[in-house]
Amino acid sequence: MRVTVVGSGFVGQTTAMRLVERGLAEVVLIDIVEGLPQGLALDMRQSAPVVGFEPNIVGTNDYADTAGSDVVVITAGFPRQPGMTRMDLLGKNAGIVRDVVERFVPGSPNAIIIAVTNPLDEMTFLASEVSGFPKERVMGMAGVLDSARLRAFIAEELGVSPLVVEAMTLGSHGESMVPLPRHATVDGKPLAELVDEATLERLFARTRDAGAEIVGLLKKGSAYYAPSASAARMVEAIAGSVDEPLPVCAWCTGQYGIDDVYVGVPARLSSRGVAEIVELDLNEGELTALRAAAEGIRAKCADVASL
Ligand SMILES: NC(=O)c1ccc[n+]([C@@H]2O[C@H](COP(=O)([O-])OP(=O)(O)OC[C@H]3O[C@@H](n4cnc5c(N)ncnc54)[C@H](O)[C@@H]3O)[C@@H](O)[C@H]2O)c1
């Protein structure tokens, strides 16, 4: 597989590194800053004999080098600074995402797009509008990250390995995240039997604000280890090596009673992109929250196509 990662900042470069280190794909790393992707790619290639991977990675400022990509991961754009919401990035990042999509689409007309740039739901919609690709070939990364954060917090709370915790969040990347406590398990046991309601709410709130917590600590820039791991996981699923559905920002066509909007839902990914949106058994409260998140995104996207 050939994957282009647009943006060679913290999320882009760590995503690229994870992809080549896992032997998942050859990678083209691109950025507007001259020398940055070239230098990073050179450094990563020199790690290959030590880490033990074979796929090539090249750095470039020229979109001609990205031609023929199977997947394009868009990480170009500004991250949050302390006190900012993701929506504060909309104006600046919309221009960047529009520009990069216009540049790579002619050379990679059959690619699958994974948007990562924030605000995530809106940038996924914009990438879809600008590319004109079939909706199933454009998706956004947020749910894998939010779910991973929730799983990590549950593991910490209970003092267990994160590997025995299953949990999923749907909805939007931000305030309208929809956690699914009934579907969360620890070593196969329902989470709700292991913690009380107040603890659940505290874990959900910390998950919803996890990005801001890291921005506040770093003071400059935002999270990238878990975000890059999550984007790489989606590429892995597209490559066919993940059996279970992943929560991704995908275009709904009636699933969960939601139509014609991008929102976080569980989906099976394949070389076609979003192969299937999986409909979990949600109760009325969960459904209402998911539909409200979808309507919130729809409203925010109303003007996005013109940005
Ligand atoms: N979806 C998520 O869950 C999630 C998680 C973490 C970060 N993010 C977002 O990802 C984005 C990147 O974060 P980061 O920490 O890597 O930021 P960063 O500042 O480290 O890197 C951004 C890179 O984009 C490049 N860039 C800017 N304009 C460009 C253009 N027109 N073409 C190509 N490259 C361009 C910059 O030169 C820079 O290298 C931010 O918008 C951040 O909010 C999303």
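It should be noted that the structure appears before, not after, this text.
Residues numbered from 1 in each chain as written. Predicted model: local features only at pLDDT ≥ 70, side-chain atom pairs only at ≥ 80, totals over all residues. Heavy atoms only, no water.

(A) Seen up close, the state of the cysteines. Per the stated rule, a full pass over the model turns up zero disulfides. With no disulfide partner, Cys252 has as its closest neighbouring cysteine sulfur the one in Cys249, 8.8 Å distant. (Disulfide = S-S within 2.5 Å.)

(B) Structural view of the pattern of salt bridges. Tallying each qualifying case throughout the model produces 13 salt bridges. The salt bridge partner of Glu244 is Arg233, with a shortest N-O separation of 2.8 Å. One end of the pair, Glu244, is in the loop between helix H8 (225-238) and strand E12 (246-253); the other, Arg233, is in helix H8, and 11 residues separate them in sequence. Judged by its relative accessible area of 27%, Arg233 is partly exposed. For Arg298, the salt bridge goes to Glu295, with nearest N and O atoms at 2.9 Å. With Arg298 and Glu295 both in helix H9 (residues 284-301) and three residues apart, this pair spans about one turn of that helix. On the accessibility criterion, Arg298 (32% relative accessible area) is partly exposed. Within this structure, Arg22, Arg233, Glu236 and Glu244 form a network of salt bridges that share partners. (Salt bridge = Lys/Arg side-chain N within 4 Å of Asp/Glu carboxyl O. Helix = DSSP H or I, 4+ residues; strand = E, 2+ residues; numbered from the N terminus. Buried < 20%, exposed > 50% of the residue type's maximum accessible area, 1.4 Å probe, protein only.)

(C) Broad picture of the site of the ligand. Within the structure, the ligand sits among 28 residues, and Val11, Asp31, Phe78, Val116 and Met141 are positioned closest to it. Between the ligand and the protein, one listed contact pairs an oxygen atom with a backbone N or O atom of Gly77 at 3.3 Å. At 3.4 Å, a side-chain N or O of Asn93 approaches an oxygen atom of the ligand. Protein contact buries 89% of the 860 Å² of open area that the ligand shows by itself. With four residues, the single largest contributor to the shell around the ligand is helix H3 (residues 90-104). (Near = heavy atom within 4 Å. Polar contact = N/O pair within 3.5 Å; in protein donor to acceptor, adjacent residues only side chain to side chain. Areas by Shrake-Rupley, 256 points an atom, 1.4 Å probe, with all protein chains shown as cover.)

(D) Structural view of the packing of helix H1 (residues 10-21) against helix H2 (residues 36-51). Direction vectors running N to C along H1 and H2 enclose 30°, while the axes themselves pass 11 Å from each other. Here H1 is positioned roughly parallel relative to H2, judged by the angle of their axes. Judged by the sense of rotation from one axis to the other, the crossing of H1 with H2 is right-handed. Here Gln13, Ala16, Met17 and Glu21 of H1 come into contact with H2, specifically with Leu40, Met44 and Val51. For the contact of H1 with H2, a count of residues per class yields five nonpolar, one polar and one charged. (Axes fitted to C-alpha atoms, helices over the stretch in contact; angles between N-to-C directions. Parallel < 35°, antiparallel > 145°, perpendicular 65-115°, else oblique. Left-handed = near helix turned anticlockwise from the far one by under 90°. Contact = heavy atoms within 4.5 Å. Nonpolar A, V, L, I, M, F, W, Y, C, P; charged D, E, K, R; others polar.)

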